[in-house]
Amino acid sequence: MALAHRIDAADRPPGTTYDLDGRYVTDIEGFYCAIGEAVNGPGGYFGWNLDALHDCLRGGFGARTPFRLVWHDSAVARAHLVAGCDGRRLAPATILDDLLDILAAHQVEVDLR
């Protein structure tokens, strides 16, 4: 069951600033929910796995890079997105630094607050 939906609206222009509510980013799914809502509003979609995130960062999903992401309450993710095993994927967990590297590679300036 999908909880997010894709908005078929034009990408906002490069240079736009988005505010990510990080209070509930306690796992990778929380990150996908938070970035989806930051870019496309409540229930918005901006990826549901790393491949989908890469796709969204190429444009066509509400945002065009380069853009700025103000990540509020980033300490929550710093405490929870840590090294370990992702039991759902039976693979290494995606950590905060991985996400920051991906965003930087796509010209997203992240302001951790």
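Residues numbered from 1 in each chain as written. Predicted model: local features only at pLDDT ≥ 70, side-chain atom pairs only at ≥ 80, totals over all residues. Heavy atoms only, no water.

## So, the packing of helix α2 (residues 50-57) against helix α4 (residues 96-105)
Working step 1: At a closest axis distance of 10 Å, the pairing of α2 and α4 adopts a crossing angle of 25 degrees. Taken together, α2 and α4 sit at an angle that is classed as roughly parallel. Considering how the two elements wind past one another, α2 and α4 form a crossing that is right-handed. The residues of α4 that touch α2, namely those facing Leu50, Leu53, His54 and Leu57, are Leu99, Ile102 and Leu103.
Working step 2: When grouped by side-chain class, the residues that make up the contact of α2 with α4 number six nonpolar, one polar and no charged. (Axes fitted to C-alpha atoms, helices over the stretch in contact; angles between N-to-C directions. Helix = DSSP H or I, 4+ residues; strand = E, 2+ residues; numbered from the N terminus. Parallel < 35°, antiparallel > 145°, perpendicular 65-115°, else oblique. Left-handed = near helix turned anticlockwise from the far one by under 90°. Contact = heavy atoms within 4.5 Å. Nonpolar A, V, L, I, M, F, W, Y, C, P; charged D, E, K, R; others polar.)

## Details of the side chain of Asp111
Working step 1: As for its position among the elements, Asp111 is in strand β5 (residues 108-112).
Working step 2: Within the structure, Asp111 has its side chain in polar contact with the side chain of Arg113 (distance 2.9 Å).
Working step 3: Not counting residues up to four positions away in its chain, the partners in contact with Asp111 are Arg68, Leu69, Val70 and Trp71. (Polar contact = N/O pair within 3.5 Å; in protein donor to acceptor, adjacent residues only side chain to side chain.)

## Focus on α2
Working step 1: All of the buried residues in α2 are Ala52, Leu53, Cys56 and Leu57. Seen along its axis, α2 keeps its buried residues to an arc of 140 degrees; they face one direction.
Working step 2: Of the surrounding secondary structure, the elements contacted by the buried residues of α2 are α1 (28-40), β2 (67-72), α4 and β5.
Working step 3: Capping the start of α2, Asn49 holds a side-chain oxygen 3.0 Å from the backbone nitrogen of Asp51, two or three residues further along.
Working step 4: Looking one or two residues past α2, Gly59 carries a phi angle of roughly 105 degrees, positive in sign. (Buried < 20%, exposed > 50% of the residue type's maximum accessible area, 1.4 Å probe, protein only. Arc of directions from axis to C-beta.)

Without other data, these values stay purely geometric and don't point to any function.
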